Amino acid sequence: MNNAFVDIQKSWDLACSARKNSYSPYSRFAVGAALTLRTGGTVTGCNVENASYGGTVCAERTAVFAAVAQGYRDFEHLVVVTETTPASPPCAFCLGVLAEFCPPDFPIYLANLKGIEKSFTLGELLPHPFQLAKNSTLL
Ligand code: THU
């Protein structure tokens, strides 16, 4: 088995564990995410819902924000786990947040409880990300 495969299976395991921490009493849709760092190691996230609904944060953004808050900005790949078939891609907000830190060839693995189902690059899922820095004369 090659190292990349072992790495992704390990990330899937970690995303499944993180999914168990999902706080989703309103949607009952639990999501787990595992963001592997370029320097090694993984930061995980789960969705955390709120009674206001709008205050809810997705699993993917929870993972990115936690990683950035810990000083990490260079990511290798992301695994997202839901219980659905077909496996769910990250929402547009999460893709926008990923595009802030990751290049278009960044791999995103979609998985369910049986395992990894398919993969896309960030550029395939969000081909034209909004980039304030490139569009603004203020920054
Ligand atoms: N959710 C995620 O965690 N990630 C996504 O990319 C899409 C949606 C969560 C938010 C909410 O808690 C539940 O799934 C239903 O939308």
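These numbers were taken from a predicted model, which means no experiment stands behind them. (Residues numbered from 1 in each chain as written. Predicted model: local features only at pLDDT ≥ 70, side-chain atom pairs only at ≥ 80, totals over all residues. Heavy atoms only, no water.)

Q: Is there a simple way to explain the site of the ligand in this structure?
A: In the vicinity of the ligand, the contacting residues are Ser-27, Phe-29, Val-31, Asn-47, Glu-49, Thr-56, Cys-58, Ala-59, Glu-60, Pro-90 and Cys-91. Within the side chain of Glu-49, one N or O atom sits 2.5 Å away from an oxygen atom of the ligand. Take Cys-91: an N or O atom from its main chain is 2.8 Å from an oxygen atom of the ligand. Protein burial of the ligand: of its 370 Å² of free accessible surface, 77% is covered by the chains. (Near = heavy atom within 4 Å. Polar contact = N/O pair within 3.5 Å; in protein donor to acceptor, adjacent residues only side chain to side chain. Areas by Shrake-Rupley, 256 points an atom, 1.4 Å probe, with all protein chains shown as cover.)

Q: Would you mind going over the packing of aromatic side chains with me for this structure?
A: Each aromatic ring pair is described using two quantities: the centre-to-centre distance and the angle formed by the ring planes. Enumeration over the complete set of coordinates arrives at two aromatic pairs. Centroid distance Tyr-26 to Tyr-53: 5.6 Å. Interplanar angle 40°. Geometry classified as tilted. In this pair, Tyr-26 is assigned in the loop between helix H1 (3-19) and strand S1 (32-37) and Tyr-53 in the loop between strand S2 (42-46) and helix H2 (59-69), connecting sequence segments 27 residues apart. A relative accessible area of 40% means that Tyr-26 is categorised as partly exposed. Ring centres of Phe-75 and Phe-101 lie 6.4 Å apart, and the angle between their planes is 75°; on these two criteria the pair is classed as edge-to-face. Taken together, the positions of Phe-75 in strand S3 (residues 75-81) and Phe-101 in helix H3 (residues 92-101) put the pair 26 residues apart, joining distant regions of the chain. Residue classification places Phe-101 among the partly exposed positions, given a relative accessible area of 29%. (Phe/Tyr/Trp six-rings, centres within 6.5 Å; stacked < 30°, edge-to-face > 60°. Helix = DSSP H or I, 4+ residues; strand = E, 2+ residues; numbered from the N terminus. Buried < 20%, exposed > 50% of the residue type's maximum accessible area, 1.4 Å probe, protein only.)

Q: How do you make sense of the side chain of Arg-19 when you look at a structure like this?
A: With respect to the helices and strands, the residue Arg-19 is situated in helix H1. By relative accessible area, which is 14% here, Arg-19 ends up buried. Within polar-contact distance, the side chain of Arg-19 engages the backbone oxygen of Ala-30 at 3.0 Å. Contacts of Arg-19, omitting those with residues within four sequence positions, involve Ala-30, Val-31, Gly-32, Val-81, Thr-82, Glu-83 and Leu-113. (Contact = heavy atoms within 4.5 Å.)

Q: Would you mind going over H1 with me for this structure?
A: With 17 residues, H1 extends 24 Å between its outermost C-alpha atoms, agreeing within 8% with the 24 Å of an ideal straight helix rising 1.5 Å per residue. Elements that come into contact with the buried residues of H1 comprise S1, S2, S3, strand S4 (107-112) and strand S5 (115-121). (Expected span 1.5 Å × (residues − 1).)

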